[in-house]
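# Report on the structure
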Amino acid sequence: MTSWHTLMMVSHETPSTTALFAARGSGEIIGADPQRPRASAAIRSADFAPDQGRWLDIVGDDALPRLLVVGTGAEGTDTTERWLAAGGHLVDAMRTLRIASVRLPGCDDLGGPDALQSLLTGALLHSYRLEQGRSDAVPGFQPERLVINSADMVHAEEAQRVSEAINRARAWVEQPANLLTPAVFADEAASALERHGVSVRVLGPAELEELGTGALLAVGRSSEHEPRMVIAEWRGDPAREGWDAAFVGKGLTFDAGGLNIKTRPIIEKMKFDMGGAASVLGAIELAASRKARTNIVVIVPMAENVIDGRSARPGDVVRSLAGLTVEIVNTDAEGRLVLADGITYAIENYAPAYVVDIATLTGMIAGVLHEEFAGLYASDAGLANALMRAGEVAGEPLWRMPLSASQDYLVDSAVADVSNFGAVGFLGVGGGSSTAGAKFLERFAHGTKWAHIDIAGTAWATRRTARSGPGATGFGVFLLDRWLAGLESGLGD
Ligand code: BES
Ligand code: MN
Ligand code: ZN
């Protein structure tokens, strides 16, 4: 079972340490806590610069609590980002100083519910640690609790709701591929979502064979861990008949490349290749947990791309669910194959107004956009703009990439309807370009407003950010939820 450590929010404890905050600018303690004069005097006498990542530990005695002052950086910069980051640095301070539990100032002291909510979200996201199979599940000292006013519990619940979905997605991405197989992933997805009233169906290999998902099966056939397809429905507006959106997530629990095998150091990262799947599952969890008034479906093709005698060979031609034949020029371009069948399943069974797929599709997008932006390809400008707005709100920004009819030849094949790599041997990039991946998927999404988000660079962070430490980021969970929220209020188009 994939599990992780995180902080708890409580309102009934009296811990020995109180956390306070200070910003650069006024140089004063933020808020009206009774401990403020003592903390202000201490930061002056210590000449404390309240930058992000700095803290001051003020020891108390039997009568006075210990005070922990956390810097929040310069005033006037983006408040949400500042409080998120400060929440993370609070957790770092607790880890370093071995403080299990601190009391936080109230929401009014911090300047309102948004500030408190961002602070708590940052703390919850940074306290996340995957629990693994070693003797101490999470090594090192881990903080346990943040104590808040009971009146503020509603803001804590909101921070908890959002961070739980993001942390679950991160834990799945970090879980090793021998533990998170397609079968296990499908089971865990079902139990995480059913709790929120999402209805989940899982198709196994026999049903997929029957259905005709030849592209997905060609990828997953050679693994002892056979493919699955998860279909999760949230009908938040049952009075309306149609489906507003389908999210399709790439769920490769491991991508060795197949016969076009990967080498080190890339291959050992490839347990992360179900990052798109984790994002769409997290997004529907968020939608359901806030009772979003939209009707959405999530489709997750899951498989493992490894090698045995049944492996697809470069040059094989397979028949996809859509009926289009595909030349598998390169077995390592497997993401687009499984997504093609997922997109077709969504369109044929749900006729959604929008289809958005999200995938760790190409190393190239990481080379171009690095870890800050995910690549966005879209057939529709309204959809592209709405997704980019949602990305900004969520702090998960997108950068739009070209998708033009002049590039149709990129996926031409001499022997099949479409090539997964591109038959043309022009200089440089071949089918490895993220453009070719998007052009391939476009063939399966035609006729529907569709967007493709390539998160190969953003699903895993090598550096700390306001929302995550090094490791899985959960990129896409909050972005898709915010896009849906926009759609709900009529802004999605
Ligand atoms: N899962 C990989 C994408 C990837 C590669 C992510 C490297 C992060 C780092 C995907 O299935 C893949 O192998 N893509 C190939 C495509 C190529 C064979 C057309 C790539 O990007 O090299
Ligand atoms: Mn691959
Ligand atoms: Zn892959």
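Everything discussed here concerns the structure shown above.
Residues numbered from 1 in each chain as written. Chains lettered and ligands numbered in written order. Predicted model: local features only at pLDDT ≥ 70, side-chain atom pairs only at ≥ 80, totals over all residues. Heavy atoms only, no water.

## Overview of the overall build of the protein
Note the cut-off: Secondary structure elements follow DSSP: runs of H or I of four or more residues count as helices, runs of E of two or more count as strands, with numbering from the N terminus. Radius of gyration here is computed from C-alpha atoms only, and the compact-globule reference equals 2.2 Å multiplied by the residue count raised to the power 0.38. Exposure is judged per residue with a 1.4 Å probe applied to protein chains only, and the accessible area is read against the type maximum: over 50% gives exposed, under 20% gives buried, and values in between give partly exposed. Think of it this way: Lys and Arg go in the positive column, Asp and Glu in the negative one, and His and the chain ends go nowhere. Charge coordinates come from a single atom per side chain, which is NZ of Lys, CZ of Arg, CG of Asp or CD of Glu.
Counting its regular elements, the protein contains 14 helices and 22 strands. Scaling as 2.2 N^0.38, a compact globule of 493 residues should have a C-alpha radius of gyration of about 23 Å, and the protein matches this with 24 Å. Its C-alpha atoms give the protein principal-axis dimensions of roughly 80 × 50 × 45 Å. Counting every position in the protein, which comprises 493 residues, the buried fraction comes to 59%. Of the charged side chains in the protein, 43 are positive and 61 negative; the average position of the first set lies 3 Å away from that of the second.

## Observations concerning the sheet that holds strand 14 (residues 316-319)
Note the threshold: The rule for pairing is simple: two strands pair if DSSP sees at least two bridges between them.
The sheet built from three strands is open, its strands ordered 14-15-19 with mixed pairing. Of all the strands in the sheet, the pair left with one neighbour each is strand 14 and strand 19 (418-419). Pairing analysis gives four bridges linking strand 14 to strand 15 (residues 325-328), with the strands arranged antiparallel. Residue pairing for strand 15: Val-317 is matched across the bridge by Glu-327.

## Remarks on the coordination of the manganese ion (ligand 2)
Rule in force here: Only nitrogen, oxygen and sulfur atoms within 2.8 Å of the metal, or 3.2 Å for Na, K and Ca, are treated as donors, and water is left out, so sites may look incomplete. Think of it this way: with four donors and all angles in the 85 to 135 degree range, the site is tetrahedral; with four or six donors, opposite ones beyond 155 degrees and the rest between 65 and 115, it is square planar or octahedral; otherwise it is irregular.
Distances from the manganese ion (ligand 2) to its protein donors, Asp-255 (OD), Asp-332 (O), Asp-332 (OD) and Glu-334 (OE), fall at 2.1 to 2.2 Å. Coordination at the manganese ion (ligand 2) is irregular, judged from the six donor atoms that bind it and the angles of 72 to 169 degrees they form at the metal. Read N to C, the donor residues that coordinate the manganese ion (ligand 2) are spaced as D-x76-D-x1-E. Between the manganese ion (ligand 2) and the zinc ion (ligand 3) the interatomic distance comes to 3.2 Å, and Asp-255 is a ligand of both metals.

## Notes on helix 9 (residues 275-289)
So the rule is basically this: Here the expected length of a helix is defined as 1.5 Å per residue gap, with one fewer gap than residues.
The first and last C-alpha atoms of helix 9 sit 21 Å apart over 15 residues, in line with the 21 Å expected at 1.5 Å per residue. Across the 15 residues of helix 9, 14 count as buried, placing the element largely inside the fold. Remark: Lys-291 follows helix 9 within two positions and exhibits a positive phi of approximately 55 degrees.

## Here we look at the sheet that holds strand 8 (residues 145-147)
Backbone hydrogen bonds hold the strands of a sheet together, and the pairing may be parallel or antiparallel. The criterion, for reference: Axis angles are defined between N-to-C directions and span 0 to 180 degrees, where every axis is a line fitted to C-alpha atoms and, for a helix, only to the segment in contact. Residue contacts follow a heavy-atom distance rule, with two residues in contact if any of their heavy atoms lie within 4.5 Å.
A sheet is described by the order of its strands in space; here six strands give the open sequence 2-8-6-3-5-4, paired in mixed fashion. Of all strands in the sheet, those bounded by a partner on one side alone are strand 2 (8-10) and strand 4 (55-58). On average, each strand axis in the sheet is inclined to that of its neighbour by 30 degrees, with strand direction left out of account. Bridge count for strand 6 (residues 101-103) against strand 8 is three bridges, and the pairing is parallel. Bridge assignment links Ser-101 to a residue of strand 8, and that residue is Arg-145. Running over the sheet, helix 2 (residues 79-97) touches strand 3 (17-24), strand 4, strand 5 (66-74), strand 6 and strand 8 and is turned about 145 degrees from strand 5.

## Focus on the pairing of strand 16 (residues 354-359)
Counting buried residues along strand 16, six of its six residues qualify, which places the element largely inside the surrounding structure. Sheet topology places strand 16 next to strand 20 (residues 449-454); six bridges connect them, and they run parallel. Pairing of Asp-357 across the sheet is with His-452, part of strand 20.

## Side note on a nonpolar patch on the surface
Where we set the bar: Residues with no salt bridge and a relative accessible area higher than 30% make up the patches, which join like charges within 9 Å and nonpolar side chains (Val, Leu, Ile, Met, Phe, Trp, Tyr) within 5 Å. Here the open area of atoms and residues is found with the Shrake-Rupley method and a 1.4 Å probe, where only the protein chains shown may cover a residue. Here, a salt bridge means any side-chain nitrogen of Lys or Arg that lies within 4 Å of a carboxyl oxygen of Asp or Glu.
Judged by side-chain polarity, Leu-259, Ile-261 and Ile-307 come together as a nonpolar surface patch covering roughly 250 Å² of accessible area. Checked against the element boundaries, Ile-261 lands in the loop between strand 12 (251-255) and helix 9.

## Remarks on the site of ligand 1
Going by this rule: When at least one non-hydrogen atom of a residue lies within 4 Å of a molecule or strand, that residue is treated as near it. Distance and chemistry together define a polar contact, namely a pair of N or O atoms within 3.5 Å, with one atom able to donate a hydrogen and the other to accept it when in protein, and with adjacent residues in sequence counting only for side-chain atoms on both sides. Three classes are used, and their members are as follows: Ala, Val, Leu, Ile, Met, Phe, Trp, Tyr, Cys and Pro are nonpolar, Asp, Glu, Lys and Arg are charged, and the others, Gly among them, are polar.
The immediate surroundings of ligand 1 are formed by 20 residues, with Asp-255, Lys-262, Asp-273, Asp-332 and Gly-363 found nearest. At a separation of 3.3 Å, a nitrogen atom of ligand 1 approaches a polar backbone atom of Leu-361. Expressed as a share of its isolated accessible area of 500 Å², the protein-covered part of ligand 1 is 85%. Of the residues that constitute the shell around ligand 1, the class distribution is seven nonpolar, six polar and seven charged.

## As for helix 1 (residues 36-45)
Short version of the rule: Each direction from the helix axis to a C-beta atom contributes to the arc, which is the arc of those directions.
For helix 1, the full list of buried residues reads Ala-39, Ser-40, Ala-42 and Ile-43. Seen along its axis, helix 1 keeps its buried residues to an arc of 165 degrees; they face one direction. Turned more than 90 degrees off the buried face of helix 1, the exposed positions are Pro-37, Arg-44 and Ser-45. Packed against the buried residues of helix 1 are strand 3, strand 4 and strand 5.

## Notes on the coordination of the zinc ion (ligand 3)
Listed as protein donors to the zinc ion (ligand 3) are Lys-250 (NZ), Asp-255 (OD), Asp-273 (OD) and Glu-334 (OE); their distances from the metal cover 2.0 to 2.4 Å. Coordination geometry of the zinc ion (ligand 3): the six donor atoms subtend angles of 78 to 171 degrees at the metal centre, consistent with an arrangement described as octahedral. Here the donor residues of the zinc ion (ligand 3) share one chain and are spaced in sequence as K-x4-D-x17-D-x60-E. Given a relative accessible area of 1%, Asp-273 falls into the buried group.

## Quick look at the nonpolar core
Rule in force here: Among buried residues, the Ala, Val, Leu, Ile, Met, Phe, Trp, Tyr and Cys ones that are joined through side-chain atoms within 4.5 Å form a nonpolar core.
In this structure, Trp-172, Phe-247, Leu-387, Ile-453 and Trp-483 are the most contacted members of the largest nonpolar core, which totals 67 residues. At nine residues, helix 9 tops the list of elements feeding residues into this core. Excluding its chain neighbours within four sequence positions, the residues that come into contact with Leu-387 are Val-356, Leu-376, Leu-398, Ala-451, Leu-479, Leu-480 and Trp-483. By size, the runner-up hydrophobic cluster in this structure holds 46 residues, among which are Val-248, Leu-321, Leu-339 and Tyr-377.

Remember that the coordinates give geometry; whether it matters functionally is a separate question.
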